[in-house]
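Structural features, examined
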Amino acid sequence: MTESKRILLAEPRGYCAGVDRAVETVERALDKHGAPVYVRKEIVHNRHVVDTLAERGAIFVGETDEVPEGAIVVFSAHGVSPEVHRTAAQRNLQTIDATCPLVTKVHQEAKRFARDDYDILLIGHEGHEEVEGTAGEAPEHIQLVDGPDAVDTVSVRDESKVIWLSQTTLSVDETMETVRRLRERFPELNDPPSDDICYATQNRQVAVKAMAPKCDLVIVVGSKNSSNSVRLVEVALQNGASASYLVDYAREIDPAWLDGVETVGITSGASVPEVLVRGVIDFLSEYGFDSVEKVTTAEETLTFALPRELRPARTAK
């Protein structure tokens, strides 16, 4: 008797605490103030989330100068530079900052080490919004290191005063390889006071590593501009999956991918709502994948308070 086709479902997957907070921030702002509420950049890197919020009256803009003077603007989960805060203030905008607290922590580290006159080597992807926000905290002290191959071009003033920080959504393995290469060049390189790579990014990668060797195919639900989702595809392929693809929606799955496949792994990036994962499971069930097994490597309980402008007023006792 042939074994039934099966789905391995990674846990944890999907929304992290920072994304949950950011999306709820826009929803609460719309509830409180009515449409439109402006949002600088995508609140999180997920097409479905952005489209859903746009339908409710959120208007997504590239920069604050596109927001009418005096209007409400939400800053995305990826964080912004001090310059963006300044330009918003000049336009008298009512700002609500939905920056993930873990990104804010990296900003604080950048400011602290810049004050102490360190050269800061920021490991991250050029052009990513989070990198632009962090680098903007201390542009004269920060150099971007975009992966291990960029290490050779780094120059510092004093090898005894160098520290690395990182974008929160990177591949853990690639980041550690970049740090190893940096340390070969700069033996006195300092580590950040705490791990910069987000707990959710790490947890999702660990779950995929556990699942991938058992999978003929891993489907990652997420958008192409989502750094942590793209990394999950790479992690799956590097850890034994025969194939891996990134999709926003179940309808993007090519049935040809399923030829000869008995085990499909499913996970989703940290900005992906669970309804999209359910859509993929339903799609696969039509092709005989009727057994779903969870691969659990961590439990997540962390939550973040909403920005103070949106917290419920305390009632007097």
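The structure presented is a predicted model; accordingly, all values stated were derived computationally and were not measured.

1. A short note on the pattern of salt bridges
Two side chains that carry opposite charge are able to pair once their charged atoms sit near each other. Applying the stated criterion across every chain, the model contains 24 salt bridges. The closest approach of N and O atoms between Glu274 and Arg13, which form a salt bridge, is 2.7 Å. Of the two residues, Glu274 is situated in helix 9 (residues 274-285) and Arg13 in the loop between strand 1 (5-11) and helix 1 (17-33); the sequence distance between them amounts to 261 residues. Owing to a relative accessible area of 14%, Arg13 belongs among the buried residues under this scheme. The partner of Lys209 in a salt bridge is Asp173, and the shortest N-O contact between them spans 2.9 Å. In this pair, Lys209 sits in helix 7 (residues 199-211) while Asp173 sits in helix 6 (residues 172-185), placing the two residues 36 residues apart along the sequence. For Lys209, a relative accessible area of 28% translates into the label partly exposed. You can call Asp173 partly exposed: its relative accessible area is 38%. Counted as one network, the salt bridges with shared partners bring together Glu11, Arg13, Glu274, Arg278 and Lys294.

2. Remarks on the sheet that holds strand 6 (residues 119-123)
Backbone hydrogen bonds hold the strands of a sheet together, and the pairing may be parallel or antiparallel. As summarised here, the arrangement of the three strands in space is 7-6-8, forming an open sheet in which the pairing is parallel. The open sheet has two edge strands, strand 7 (142-145) and strand 8 (162-166), and neither has a second partner. Averaged over all pairs of adjacent strands, the angle between strand axes in this sheet comes to 30°, irrespective of strand direction. Judged from the five bridges that link them, strand 6 and strand 8 form a sheet pairing that is parallel. In the sheet register, Leu121 faces strand 8, and the bridge partner there is Trp164.

Parameters and conventions
- Residues numbered from 1 in each chain as written.
- Predicted model: local features only at pLDDT ≥ 70, side-chain atom pairs only at ≥ 80, totals over all residues.
- Heavy atoms only, no water.
- Salt bridge = Lys/Arg side-chain N within 4 Å of Asp/Glu carboxyl O.
- Helix = DSSP H or I, 4+ residues; strand = E, 2+ residues; numbered from the N terminus.
- Buried < 20%, exposed > 50% of the residue type's maximum accessible area, 1.4 Å probe, protein only.
- Pairing = 2+ DSSP bridges.
- Axes fitted to C-alpha atoms, helices over the stretch in contact; angles between N-to-C directions.

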